[in-house]
Structures are given as C-alpha cells and as structure tokens.
Amino acid sequence: MINKFTTVYAGHIDFPDHGQDATPANERRFTNEELAGVYEKTEAIAKQMDRLGYHMLWLAEHHFQHEGYECLPNILMCAVHLAHVTKQLKIGCGFNITPMWHPLRLAEDFATADILTKGRTVFGVGRGYHTREVETFGGPMLDQNANRELFEEQVEILFKAFNNESFSHQGKHYTLPPEVPYRGYQLKELSLVPRPVNRPVECWQPIVSASPRGLDFMVKHGIKGAVGGGAATMQAGPIQGYKEAAARAGKNLKLGENLTLGIHFFVAKTREEAARRIAPLYEEHVKMFAPLGFVPGLTPDQVAAVARRGGWSAAGVPPVEHFIKLGSWFAGTPDELIAFLKGVEEKYPGMEHINLSSPLTTPKDVMLEQFQIVAEEVMPHFRGRAAMATAAQ
C-alpha cells in the first residue's frame, strides 16, 4: 500500500516560454548564470519537500545540456549538500549512469555520500539514453548490446566493492586490481575505503524495456525498480515482469513490491484548469524526449514535427489527454488524485512508493505550490499519514 511519496526533479531551469509554439528544443541556449540557477531551485524544492514530510527527492545525472532541461551533472555532491540543509528527506540518485563512470570511483563517491549524509543518500544506477553524454565520456550508447554488457559488469563490481572486506574482479572490461607490485608484495585484492556504512546498499534502477535478462539481473542484485506510468499500463508490463523475475529467483513478491510508479501530475481546483495548465508542460516534455524514443507510439514524421514550432495536431502528435487516459499523466483535482492513487493501490498491492513529478520545465513557484497541495490534501489519505503529520511539524 502506498505510504511513501517521492518526486523526480531532473534539474530544469525556469523557462521563459513553454509548449509547441515556443522555442524548439534544439534552439534553446541559456547563459551560464541561468543554468547555474538550477542549484538554488534544487535547494528550494528539497526544503519544501522536507518540511511537508515527503519521503525522497530523486535527482538525475545529466551533462552538457545548454538547453536547460536537465542540468545536474553531479547528484552525489548535491545529495551531500541537500542533506545538510534538510532534516529527514532522503535524496535519491535517479540515476547515476554507470557507463560514464569508473565503477570504483562511483562506489567511493556513493560511500562518501552515505557516510556524510548518515544514510540519507539512496543509490541508483542506469544505462543512460543520451548519446551526447555517454559517448562523450567514452561509454557505448549507440551499441545497445555493448552498453548493457558494460553496465552489467560495472554493477557486479559495485556490489563486490560494497559487500566485501576485500575483492577482486576479472571480466571483459576490467581486471581489478591490476597484478602489479605494491610496497613489497604482488597486488591481488582491493578494499573500498571506506565502504558504505548502511548495508546492504539500497539500490534502484529504471525499468524501460522490461526484458527478462534485465529484470533477472535486477532481482539477482536486489535492485528495486522505477517504472514509468505509461509502461505500467501494458498488459504484460514491467510490474508483472518484475514479479515473475523474482519468482524465477525463488522470491515471492506482491505485485508492485520493490517498485515505484512515476506519474507526471498537475492538480488544480478543477480538472479543466489542471488540463489547461499541464498541456504546455507536456509539450515541452515531448520536445525533449520524443527524439530520444521516450514518447511511446510516435511515428518518425511525428517526431520530426515536434522539432518544429506548432502544427502538431495536423501531424497527428497525441495531446496530453491521450497519456492521461493511459495513466502516465494526471490532471485533476486533489480528490481525483486520491481516487487515482487508490486505484493504483488496488492494482499493485505491494507498492509502497509513488513518484508524483512535476513535468519537465514546470516553474519553481508552481512546483512548490503543487507539492504543498499534495502534502496537505492527498498524502493524509494514505498509510503512514500519522508519521507524515509528525514529520511535517
């Protein structure tokens, strides 16, 4: 049953215009001062969520985005700072893209954050989806098989380093340690110094394709899954797939257990107002993500259309109402959101986390307002409301 409310903030700045008639995504470029302003916005969001009793703020690692959509390159550094300006909010890494890291550097940095934040940093790993990011850092992205192969070996190393006093590894990409002489002996093992103090390390990963191989790998390492709302509506989707993968490993999980469901949302006094206000934000989302393959169902011609100003309807680009019907987007009143979430509980009785996220490019003041409405009018209707009320005081 739902009792932990979270959000994803990928680090967008406040945009001067929104929607299909506004500046095309590839034409956006902001000053360094505007891009650096994302840190003040991140802090304001974290403080608001902490005061209101939210469970976790997920941040996303991204690089080189002069377009202003996702501007947080080091979320572990952000987590350490945010934990020192909040009291209880957890900061989630949603996600560190391992093909852009050496796995031992990532393990060390997370262990440092775990210690300095006293366990309030939550680990997360992902394979990436921006060629500009992953390929620039020397990892494979265009070759998906190579990307997955590298990712899986890196995650194996991460958990070896977390869970063992000392370890070694020999694989296709890494031989750890190298067999070199060191201070009078031949090096055979390494120790991560220091290791995380909170073990086993809680780890999350996005579920996109929901392939049996990927899900089996997650279950093997005890990795929890973040699911997009649209994917969750598929009849044989990732939520059922994760449960089946657990069963193959001899684990009996409730449907939705160890998973979180992500919903883009907007609440207002009427459904009509919410739908009107979310529409241009949805269109910015499409401008950003359709060319990357993250808006399901669009044809190549429709993807080309969203790169231009206007004319989306003529090209057949689905409006936000299409995705509201699928359940991946929500626009309505607080009471309607309560009913929506109760429906999620009925479908997925094992699910405790729900991820209600303001759409990409939502202005800061609107985000803060939305989080307050949810905290005051929605969260008390779900399990854990007594703890939330106490935490918010």
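Residues numbered from 1 in each chain as written. Predicted model: local features only at pLDDT ≥ 70, side-chain atom pairs only at ≥ 80, totals over all residues. Heavy atoms only, no water.

Our focus in this paragraph is the overall build of the protein chain. Helix and strand content of the protein chain: 16 helices and 14 strands. Principal-axis analysis of the C-alpha atoms gives the protein chain an extent of 75 × 50 × 45 Å. Across the 393 residues of the protein chain, 53% fall into the buried class. A fraction of 74% describes how many contacts in the protein chain between residues 6 or more apart in sequence connect residues 24 or more apart. Looking at the protein chain as shown, the accessible area adds up to about 17,700 Å², and 53% of this sits on carbon and sulfur atoms. Charge separation in the protein chain, taken as the distance between the mean sites of 40 positive and 44 negative side-chain charges, equals 5 Å. (Helix = DSSP H or I, 4+ residues; strand = E, 2+ residues; numbered from the N terminus. Buried < 20%, exposed > 50% of the residue type's maximum accessible area, 1.4 Å probe, protein only. Contact = heavy atoms within 4.5 Å. Areas by Shrake-Rupley, 256 points an atom, 1.4 Å probe, with all protein chains shown as cover. Lys, Arg positive; Asp, Glu negative; His and termini not counted. Charge placed at Lys NZ, Arg CZ, Asp CG, Glu CD.)

So, about helix α2 (residues 38–52). Given a rise of 1.5 Å per residue, 15 residues ought to cover 21 Å, and the 21 Å separating the end C-alpha atoms of α2 matches this to within 8%. Listed in full, the buried residues belonging to α2 are V38, K41, T42, A44, I45, A46, Q48, M49, D50 and L52. Looking one or two residues past α2, G53 carries a phi angle of roughly 85 degrees, positive in sign. (Expected span 1.5 Å × (residues − 1).)

Turning our eyes to something else, we now look at helix α3 (residues 75–85). Taken together, the buried positions of α3 are occupied by I75, L76, C78, A79, L82 and A83. Each buried residue of α3 sits inside an arc of 150 degrees when the element is viewed along its axis, so together they form one side. In α3, the exposed residues that point more than 90 degrees away from the buried face are M77 and H84. Those residues of α3 that are buried are in contact with α2, β2 (56–59), β3 (90–93), β4 (96–97), α4 (103–116) and β5 (121–126). One side-chain oxygen of the residue at the start of α3 lies 3.3 Å from the amide nitrogen of L76, identifying that residue as N74. (Arc of directions from axis to C-beta. Polar contact = N/O pair within 3.5 Å; in protein donor to acceptor, adjacent residues only side chain to side chain.)

With that out of the way, let us pick up the pattern of salt bridges. Taken as a whole and assessed by the stated rule, the structure comprises 19 salt bridges. R28 is paired through a salt bridge with E284; the nearest N and O atoms lie 3.0 Å apart. Of this pair, R28 sits in the loop between β1 (4–9) and α1 (32–36) while E284 sits in helix α10 (residues 271–289); the two residues are 256 residues apart in sequence, bridging distant segments of the chain. Owing to a relative accessible area of 0%, E284 belongs among the buried residues under this scheme. Across the pair R271 and E336 runs a salt bridge, and its minimum N-O distance is 2.7 Å. One end of the pair, R271, is in helix α10; the other, E336, is in helix α14 (residues 334–347), and 65 residues separate them in sequence. Through salt bridges with shared partners, a single ionic network connects D17, R28, E284 and K287. (Salt bridge = Lys/Arg side-chain N within 4 Å of Asp/Glu carboxyl O.)

Below, the discussion takes up the layout of surface pockets. When its volume is computed, the second largest pocket comes out at roughly 310 Å³. Residue lining of the second largest pocket: 15 residues in total, with N26, E67, R132, M288 and L292 positioned closest to the centre. Within the residue set of the lining of the second largest pocket, elements represented by two or more residues are α5 (131–134) and α10. Of the residues in the lining of the second largest pocket, the class split is eight nonpolar, four polar and three charged. (1 Å grid on protein atoms, 1.4 Å probe; cavity = no way out; pocket = protein on both sides within 12 Å on 5 of 7 lines; lining within 4 Å. Points joined across faces, edges and corners; volume = space filled by probe spheres on them. Nonpolar A, V, L, I, M, F, W, Y, C, P; charged D, E, K, R; others polar.)

In this section: the packing of α4 against helix α6 (residues 144–163). Running from amino to carboxyl end, α4 crosses α6 at an angle of 45 degrees, the nearest separation of the two axes being 9 Å. When the interaxial angle is binned, α4 and α6 end up oblique. α6 is crossed by α4, and the crossing has right-handed handedness. Residues P103, L104, L106, A107 and F110 of α4 touch α6, and the partners they reach there are Q154, I157, L158, A161 and F162. (Axes fitted to C-alpha atoms, helices over the stretch in contact; angles between N-to-C directions. Parallel < 35°, antiparallel > 145°, perpendicular 65-115°, else oblique. Left-handed = near helix turned anticlockwise from the far one by under 90°.)

Quick look at unusual backbone geometry now. For the bond running from V193 to P194, omega is -10 degrees, close enough to zero to count as cis. Tracing the chain through its elements places P194 in the loop between β9 (185–186) and β10 (203–207). That bond from R199 to P200 is cis: its omega, 0 degrees, falls within 30 degrees of zero. Inspection of the secondary structure assignment puts P200 in the loop between β9 and β10. Of note in this structure, K118 is not a glycine but carries a positive phi near 55 degrees. Mapped onto the fold, K118 is located in the loop between α4 and β5. The phi torsion at R183 lies on the positive side, around 50 degrees, for a residue other than glycine. Position of R183 relative to the elements: it lies in the loop between β8 (181–182) and β9.

The analysis is restricted to geometry; functional conclusions fall outside its scope.
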